[in-house]
Amino acid sequence: MGFFDALLGRTKPKRANLDDLFALPPAALTLQAATGFTPTGVGAVAFRQVEGAAFQSAESESVALIGSDPAASVRQENDGFGFTWQVVADENAEVVNLVTNIHAVNSALVSQGFDTMLLCTTVYFVHPDGRRMALVYQYKRGTFYPFVQSGPKQRDNPLEIQVKGVLSGELPFEEDTSNWSALWDAPGMNDTPGAPELST
């Protein structure tokens, strides 16, 4: 950051670091204790799909890596907005395994040079009252933010702010809330907790 950027209060966004994802398992425990949200065992990687053999190879590689885990499963969905989602599940709702498999998807795409196509990674949670939440990692900013869906096209902003307060010491959070994009019914968001019906 240059002198004038510092003087004017401008900062460069934090660059993505895929290893940030490994901070999610302990954060999930903190989140559950503070808010009652529990992991569903489902997460997803969203990316802009492009044509080409190399991209198909990267996708196939990530699916093969996940397929080697007997507790894991994966499916692919298009969201209608130009993005493809690889929805990953762990039948035991084991966050450590889930994050490891999600990291494998990301790494496979990055190793093939498609890091610029990555949009976000999500890990999903559910509350006993039925509300759904995603902890979202945005690649272009290298930060997390919470998205709590409380109903059709409804989000719980006060709870999102609370979640940030609970987890800000454990995850690099996005400070600019205008970048907390809504992910209404994102692929995987409404899968059955702990036992998502996914297939490889």
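Rules behind the numbers
- Residues numbered from 1 in each chain as written.
- Predicted model: local features only at pLDDT ≥ 70, side-chain atom pairs only at ≥ 80, totals over all residues.
- Heavy atoms only, no water.
- Salt bridge = Lys/Arg side-chain N within 4 Å of Asp/Glu carboxyl O.
- Buried < 20%, exposed > 50% of the residue type's maximum accessible area, 1.4 Å probe, protein only.
- Core = buried A, V, L, I, M, F, W, Y, C linked by side-chain atoms within 4.5 Å.
- Helix = DSSP H or I, 4+ residues; strand = E, 2+ residues; numbered from the N terminus.
- Contact = heavy atoms within 4.5 Å.
- Phe/Tyr/Trp six-rings, centres within 6.5 Å; stacked < 30°, edge-to-face > 60°.
- Lys NZ or Arg CZ within 6 Å of the ring centre and 35° of its normal.

Student: Just to check I follow, could you spell out the pattern of salt bridges for this structure?
Tutor: Oppositely charged side chains can pair when the atoms bearing their charge come close. Scanning all chains against the criterion turns up seven salt bridges. Ionic pairing is found between R75 and E77, a salt bridge with its closest N-O pair at 2.6 Å. Taking relative accessible area as the criterion, R75 reaches 21% and is therefore assigned partly exposed. Assessed through its relative accessible area of 25%, E77 is described here as partly exposed. The salt bridge partner of E160 is R155, with a shortest N-O separation of 3.1 Å. Through salt bridges with shared partners, a single ionic network connects R75, E77 and D191.

Student: Looking at this model, I keep getting lost on the nonpolar core. Mind explaining?
Tutor: For soluble globular proteins, the rule of thumb is that nonpolar side chains tend to be buried together. Counting 33 residues, the largest nonpolar core has L24, F125, L167 and L171 as the members making the most contacts within it. Every element with two or more residues in this core is listed here: helix 2 (24–35), strand 1 (38–48), strand 2 (72–78), helix 4 (95–111), strand 4 (118–126), strand 5 (132–138), strand 6 (143–151) and helix 5 (157–167). With six residues, the single largest contributor to this core is helix 4. Here F125 is in contact with A28, L31, F37, T38, P39, T40, R131, R132, M133 and L135, once residues within four sequence places are set aside. A89, A134, A186 and M189 belong to the second largest nonpolar core, which has 17 residues in total.

Student: What is the right way to read the packing of aromatic side chains from this model?
Tutor: Two numbers describe a pair of aromatic rings. These are the distance of the centres and the angle of the planes. Across all of its chains, the model carries four aromatic pairs by this definition. Relative to Y139, the ring of Y137 lies with its centre 5.6 Å away and its plane at 90°, an arrangement referred to as edge-to-face. As far as the burial class goes, Y137 and Y139 line up, both buried. Taken together, a centroid distance of 6.2 Å and an interplanar angle of 15° make the contact between Y145 and W180 stacked. With a gap of 35 residues between them, Y145 in strand 6 and W180 in the segment after helix 5 connect regions that are remote in the sequence. Classification of Y145 as buried rests on a relative accessible area of 3%. Site record: aromatic cluster; members linked through ring pairs are Y137, Y139 and F144. Between R48 and the ring centre of F83, over which it is positioned, the NZ or CZ distance is 4.4 Å.

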